[in-house]
Structures are given as structure tokens and as C-alpha cells.
Amino acid sequence: RALALWEVLARSHRPTAVVGWPLSYPALASSTVLVSDRFFSAEGSDPELAFPADLVQRGRLFRVDTNSLDPQERARYAGAPEFVLKAHAADLWRLAIAQRLLLEYPQLQGGFLYLPGLSTLSRNYYGGFAAAQAGKAAGQEERLAQRLLIAYLSHLDHELAGFWRRM
């Protein structure tokens, strides 16, 4: 029943971009540019997946899947289940779209970017990570959890620092 923050900013004439934020479907003219959360899981060309609607087709061009990860990225997650690679690739896709929007819309004054990979990895590995960090457990599972979460956080830190510099 309340406006989203990007809608408030739009009413204040502050151009904003929204990429993948939860509950951002349907993508209406409530911000400068919006790629809804459903865009990343939907197939087809529903025009309400993005605003302006041409972003639906253009956004698909930036798709990153696990097969397109370079060997260095794959090596970072050696021994990880496939869902870890999928979470990493999904966040790279969202980042690629957000970076493209920064180039296309230099007037942007605000942005909302949702990267769900961190919650996916945290939900699955934080317990093992914390145990390994505290020295309470040195089993193989805890060491894997620690390595994977550190690898993901390092990746995220690097990507977001580069994104921030471009802004």
C-alpha cells in the first residue's frame, strides 16, 4: 500500500534504475529504467518484465549461465555444488545489466540492484563458515563452506568496487 523508494524518487524527478529488486513486477513507468525480479526467471517477452519494454530483449543478451563462466571463475568454486555456480552466474547477469544501464542512462541519480547469490550461499554455508572461522570445527564440510563463502564475498567485493567506480 506504500510506494517503493524508486517510485518516490521518480516523483521527485530523480532518475533511478532498478535491477532485479523483489516485488518489482510489473515493471511500470515508475522509474527511469527497471528490470523486474521476474525477468531473471521468466522466459518469453512479457513487456511488463522491464521498462522500457525493449529491455526485455536486450537484457537477455547479457545472460550469464554456468557454461559461460571463465575457467578462473569456475576454479574459485572447485568442489562446489552446481547451485553455487548458478548463484554466481545469476549475480553476474544482474551486474552486467546494471553496468550497461549506467552507460545508457548517465543521468541516473539512484539505483537498486538485488544480488541474491549472497543469501543463497549464506543460507547454505554460513554455519560451516562460522564454525571454521571460530576454530570449532575443522572438518571437510566446514572448510569447504569457509572457502566457498570467502570466495563469493571476495568476488562480490571486487565486482561491487568496480561497479561503484563506474558510477
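Above this text is the structure in question.
These figures come from a predicted structure and were not determined experimentally. (Residues numbered from 1 in each chain as written. Predicted model: local features only at pLDDT ≥ 70, side-chain atom pairs only at ≥ 80, totals over all residues. Heavy atoms only, no water.)

## Notes on the sheet that holds strand 1 (residues 16-19)
Here is step 1: One open sheet accounts for 4 strands, arranged 3-2-1-4; its pairing is mixed. Among the strands making up the open sheet, the edge pair consists of strand 3 (50-51) and strand 4 (110-113).
Here is step 2: Strand direction decides the pairing type here: strand 1 and strand 2 (residues 33-35), joined by 3 bridges, are parallel. Bridging across to strand 2, valine 19 finds its partner in valine 35.
Here is step 3: In the packing of helix 4 (residues 82-104) onto the sheet, contacts are made with strand 1, strand 2 and strand 4, and the angle to strand 1 comes to roughly 165°. (Pairing = 2+ DSSP bridges. Helix = DSSP H or I, 4+ residues; strand = E, 2+ residues; numbered from the N terminus. Contact = heavy atoms within 4.5 Å. Axes fitted to C-alpha atoms, helices over the stretch in contact; angles between N-to-C directions.)

## Digging into unusual backbone geometry
Note: most residues except glycine have negative phi, and most peptide bonds are trans.
Here is step 1: Cis geometry marks the peptide bond from tyrosine 25 to proline 26; its omega dihedral reads 0°.
Here is step 2: Tracing the chain through its elements places proline 26 in the loop between strand 1 and strand 2.
Here is step 3: The omega angle of the peptide bond from phenylalanine 51 to proline 52 is -5°, so this bond is cis rather than trans.
Here is step 4: Assignment of secondary structure puts proline 52 in the loop between strand 3 and helix 2 (55-60).
Here is step 5: Of note, histidine 13 is a non-glycine position whose phi angle comes to about 60°, a positive value.
Here is step 6: Summarising the element assignment, histidine 13 is placed in the loop between helix 1 (5-11) and strand 1.
Here is step 7: Note on histidine 13: relative accessible area 70%, which makes it exposed.
Here is step 8: Located in the positive-phi region is leucine 23, a residue other than glycine, with phi close to 65°.
Here is step 9: Along the chain, leucine 23 falls in the loop between strand 1 and strand 2.
Here is step 10: By relative accessible area, leucine 23 is classed as exposed at 78%. (Buried < 20%, exposed > 50% of the residue type's maximum accessible area, 1.4 Å probe, protein only.)

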